[in-house]
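The residues making up each chain are set out below.
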Amino acid sequence: MNTTGPAPKGLRLIPFRGLRYVPERVGSLAAVTSPPYDVVVRPDGLHHLESADPHNIVRLILPQAATAADRHRQAASTLRRWLTEGVLAPDPEPALYVYEQRHGDLLQRGVIGALALSEPAEGVVLPHEDVMPDIVEDRAALMRATATNLEPLLLTYRGGEDGSRDGTPGTTGMSGTTAVIERTALREPLLSTTTEDGFSHRLWSVTDPAELAEIEDDLADRQALIADGHHRWATYLRLREEHPASAAGPWAYGLVLLVDTARHPLRVRAIHRLLHGLPVAEALAALEAVPGSFRVRTLEGTLPEAVRALSDAAGAGTGAGTAAGAGAGAGANNAFLLAGDGRFHLIDRPDEALLARTVRADRPAEWRALDATVLHSTLLDHIWKIPDAPEHISYIHDTRAAVEQAERHGGTAVLLHPVREEVVRELARQAVTMPRKSTSFGPKPATGLVLRSLADG
């Protein structure tokens, strides 16, 4: 494959020599993997992963030390030691990697490679969420220290199994990337493991020049959406700017997993907020101090029952669907579930005049109707007056973990309802970014199955 020619108008995915664990040097492949760094629930999940195996990848993606600089140096030192000891080793030749995840009836396959970086204005890779500068800086410092892409981003594109490129799945006549993936999945994998969440993972390498060319040609006019990894993509772009002399070198590419959602639709879940310094009683009192701001109801029952009530309220067809902007969200209602005091409090039906005062009017109606928009603009900024900073807010993917953390530490968990995928894509096409941590697409790739060294060229 040509890796030095002009950048194509679409996706350009090139092979690389993957760094992978040597099975004989670790307890098991499952024991050294981890969820993505921002999904690990700290401190419980972090300690669990560290104790699973002394070589668990969490020691690289979330190193523990007194200062940020010490953490990054420690990760780099650990990586060098594992390479020297043969715990990690590079594959003999550059490859793209077919990756499969399976859990019950769910099957997802995609291709991992080094993707040519592009700015959002180029319309090749579309972000849909804002990022937090401090997290980008931390990830950039870690990547500088290790000179390694430690975990792949999750990107989606709309292909077509029949080669028609219209995004309509077929059953015969597969071509392009889909055909290569399906042929490869019939072969013996490089690795196979099942993680404790019940997902099975298989990985294959693709090195045949004809198959690599088939993928290259198929992706050349595709557009991708960042499903998971906005901060890491922003990190890639920052580090590319720091290496301008390497326009076609390793810093001009980033490790990604590309999934065709015409064939393998992703699940979209919400990301919840944990408000550290705000007890539930104070959160409710602040709402009462603004009469009519939201309807507030205390629920009886279990967490699953409360989540179902949240889902029902979000689709009730009253409130901010029209308040935040005419036609936005097809009449959806902004609704949130507060937890942390042993009970569940459903807040919905925000006051239209309050939303008009607190939500930006210069954004599309779909953006103004988002739960995350109303949460940050109206609740966090206006009513609760909580800065969006790590010491005040944590972002937690798992619903039960968010509630347990709030109850343990006396804070408030704010549980959200997922955004529809079509809303995400439409905003991305309009180049409108959603509030950060608005969505959680999955299943996410396991971290630790394949890494990419930036020192390898």
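Residues numbered from 1 in each chain as written. Predicted model: local features only at pLDDT ≥ 70, side-chain atom pairs only at ≥ 80, totals over all residues. Heavy atoms only, no water.

Draft legend 1. Focus on the confidence of the model for the protein. Here the protein averages 89 in pLDDT, while 91% of its residues score no lower than 70. Note on residues 161–171: pLDDT under 50 across the span, and 29 contacts to partners over four residues away in sequence or across chains. Low pLDDT, under 50, characterises residues 317–331; the predicted model gives this stretch 34 contacts beyond four residues in sequence or across chains. (pLDDT = per-residue confidence, 0-100. Contact = heavy atoms within 4.5 Å.)

Draft legend 2. Highlighting the pairing of strand β8 (residues 153–157). Buried residues dominate β8, accounting for five of its five residues. Because side chains alternate across β8, one face comprises the buried residues L153, L155 and Y157, and the other comprises L154 and T156, equally buried. Bridge count between β8 and strand β12 (residues 253–260): five bridges; the pairing is parallel. Paired with L154 across the strands is L257, a residue of β12. Note: β8 against strand β11 (residues 224–228), four bridges, orientation antiparallel. If you follow T156 over to β11, its bridge partner there is L225. (Buried < 20%, exposed > 50% of the residue type's maximum accessible area, 1.4 Å probe, protein only. Helix = DSSP H or I, 4+ residues; strand = E, 2+ residues; numbered from the N terminus. Pairing = 2+ DSSP bridges.)

Draft legend 3. Representation of the sheet that holds strand β3 (residues 88–90). Taken together, four strands build an open sheet; the order of strands is β3-β2-β21-β7 and the sheet is antiparallel. The open sheet terminates on both sides in strands that have one partner only, identified here as β3 and β7 (148–149). Pairing between strand β2 (residues 18–21) and strand β21 (residues 451–453): two bridges, direction antiparallel. By the bridge assignment, G18 is partnered in β21 with R452.

Draft legend 4. Structural detail: the packing of helix α6 (residues 176–184) against helix α7 (residues 209–219). Where α6 meets α7, the closest approach of the two axes is 7 Å, and the angle between their N-to-C directions is 145 degrees. Between α6 and α7, the residues in contact are G176, T177, A179, V180 and R183 and E211, E214, I215, D218 and L219, respectively. (Axes fitted to C-alpha atoms, helices over the stretch in contact; angles between N-to-C directions.)

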